[in-house]
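Descriptive analysis of the structure
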Amino acid sequence: MSQTHCNLIYHLVFSTKGRVGFLTPDVRAEVHRYLAGAVQGVDGIPLIINGTEDHVHLLVKLSQNHALKNVLSEIKSSSSGWIHRQHQGLSDFAWQAGYGAFTVSASQKERVYQYVKNQEAHHADYAFKAEYLGLLKAHEVEYDARYIWD
């Protein structure tokens, strides 16, 4: 009998539309908890979720049974709806249309975990746009600068 063995670890990054600072400290922890549940809802395992007022980082293990684009669509769609229902003052909230998804080897999981854990300190000196472009470069992702920001 053949078996399939996967360890699909991803570092997922997406921002609020226009990088608007909707995710204030009083909302952020709730949103992160909801995102963790949304990851579980698509058969994933959230390892850590963190971010700042305008973006989130998720380190997750995902199931091989779901396409990555469908997983991100479900997580972003359900969390956006939840935010609108739970926080009446955030009726203009939206996630950016796209996302960054970077594979993480098991040997680098702890390093990425610490990176996600320390987002607030990291962004005291480093803007999200610079961080995101750095991630694209580090992971050798080609992109068209005309379309990177929505």
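This text follows the structure it describes.
Here we summarise the structure given alongside this text. The shown structure was predicted, so the numbers you read here are calculated from the model rather than taken from an experiment. (Residues numbered from 1 in each chain as written. Predicted model: local features only at pLDDT ≥ 70, side-chain atom pairs only at ≥ 80, totals over all residues. Heavy atoms only, no water.)

Describing the pattern of salt bridges
Which entries qualify depends on this criterion: By convention in these notes, a salt bridge is any Lys or Arg side-chain nitrogen within 4 Å of a carboxyl oxygen on Asp or Glu. Secondary structure elements follow DSSP: runs of H or I no shorter than four residues count as helices, runs of E no shorter than two count as strands, and numbering proceeds from the N terminus.
Tallying each qualifying case throughout the model produces three salt bridges. Here Arg28 and Glu120 are joined by a salt bridge, their closest N and O atoms 2.9 Å apart. You can see Arg28 sitting in helix α1 (residues 25-41) and its partner Glu120 sitting in helix α4 (residues 119-122), a full 92 residues away along the chain. For the salt bridge of Asp144 with Arg146, the shortest nitrogen-to-oxygen distance reads 2.6 Å.

Some remarks on the packing of aromatic side chains
Describing an aromatic ring pair means giving the distance of the ring centres and the angle of the ring planes. As a reminder of what qualifies: The rule is short: rings of Phe, Tyr and Trp, with Trp giving its six-membered ring, pair when the centres are within 6.5 Å, and they are stacked under 30 degrees, edge-to-face over 60, tilted in between. For the exposure calls, accessible area comes from a 1.4 Å probe over protein chains only, and a residue counts as buried if that area is under 20% of its type's maximum, exposed if over 50%, partly exposed in between. We call a charge positioned above a ring when the Lys NZ or Arg CZ atom is no farther than 6 Å from the ring centre and deviates by at most 35 degrees from the ring normal.
Counting across every chain of the model gives five aromatic pairs. Geometrically, the ring pair formed by Phe14 and Trp95 is edge-to-face, given 4.8 Å between the ring centres and 90° between the ring planes. With a gap of 81 residues between them, Phe14 in strand β1 (residues 8-15) and Trp95 in the loop between α2 (68-86) and β4 (100-103) connect regions that are remote in the sequence. For the residue pair Phe14 and Trp95, the accessibility class agrees, reading buried in each case. Taking the centre distance of 5.5 Å and the plane angle of 70° together, the rings of Phe22 and Phe93 count as edge-to-face. Note that Phe22 is positioned in the loop between β1 and α1 and Phe93 in the loop between α2 and β4, a separation of 71 residues in sequence. Grouping residues by exposure puts Phe22 and Phe93 together as buried. Site record: aromatic cluster; members linked through ring pairs are Phe14, Phe22, Phe93 and Trp95. Above the plane of the ring of Phe14 lies Lys76, whose end atom (NZ or CZ) is 5.4 Å from the centre.

Digging into the pairing of β4
This is how the line gets drawn: Two strands pair under a simple rule: DSSP has to find at least two bridges between them.
With burial as the criterion, only one face of β4 is covered, namely that bearing Gly100 and Phe102; the residues Ala101 and Thr103 on the opposite face remain uncovered. Bridging between β1 and β4 involves four bridges; their strand directions are antiparallel. Residue pairing for β4: Leu12 is matched across the bridge by Ala101.

Describing the sheet that holds strand β2 (residues 45-52)
Put simply, the test is: In this analysis an axis means a line fitted to C-alpha atoms, helices contributing only their contacting stretch, and an angle means the value between N-to-C directions, from 0 to 180 degrees. Residues count as neighbours in contact if any of their non-hydrogen atoms are within 4.5 Å of one another.
Reading across the sheet, the four strands line up as β2-β3-β1-β4 and stay open at both edges, with antiparallel pairing between neighbours. On the outer flanks of this sheet lie β2 and β4, each paired with one strand and no other. The mean inter-strand angle of the sheet, taken between neighbouring strand axes irrespective of direction, is 15°. Sitting on the sheet, α1 touches β1, β2 and β3 (55-62), and the angle it makes with β2 is about 150°. Where helix α5 (residues 128-138) meets the sheet, its contacts fall on β1, β3 and β4, and the angle it forms with β1 comes to roughly 145°.

Things to note about α2
Our working definition: Each helix should span, by expectation, one fewer than its residue count multiplied by 1.5 Å.
For α2, with 19 residues, the first-to-last C-alpha span of 27 Å sits near the 27 Å given by 1.5 Å per residue. Looking only at α2, the buried set comprises Val71, Leu72, Ile75, Lys76, Ser78, Ser79, Ser80, Trp82 and Ile83. Where the residues of α2 are buried, they touch β1, α1 and β3.

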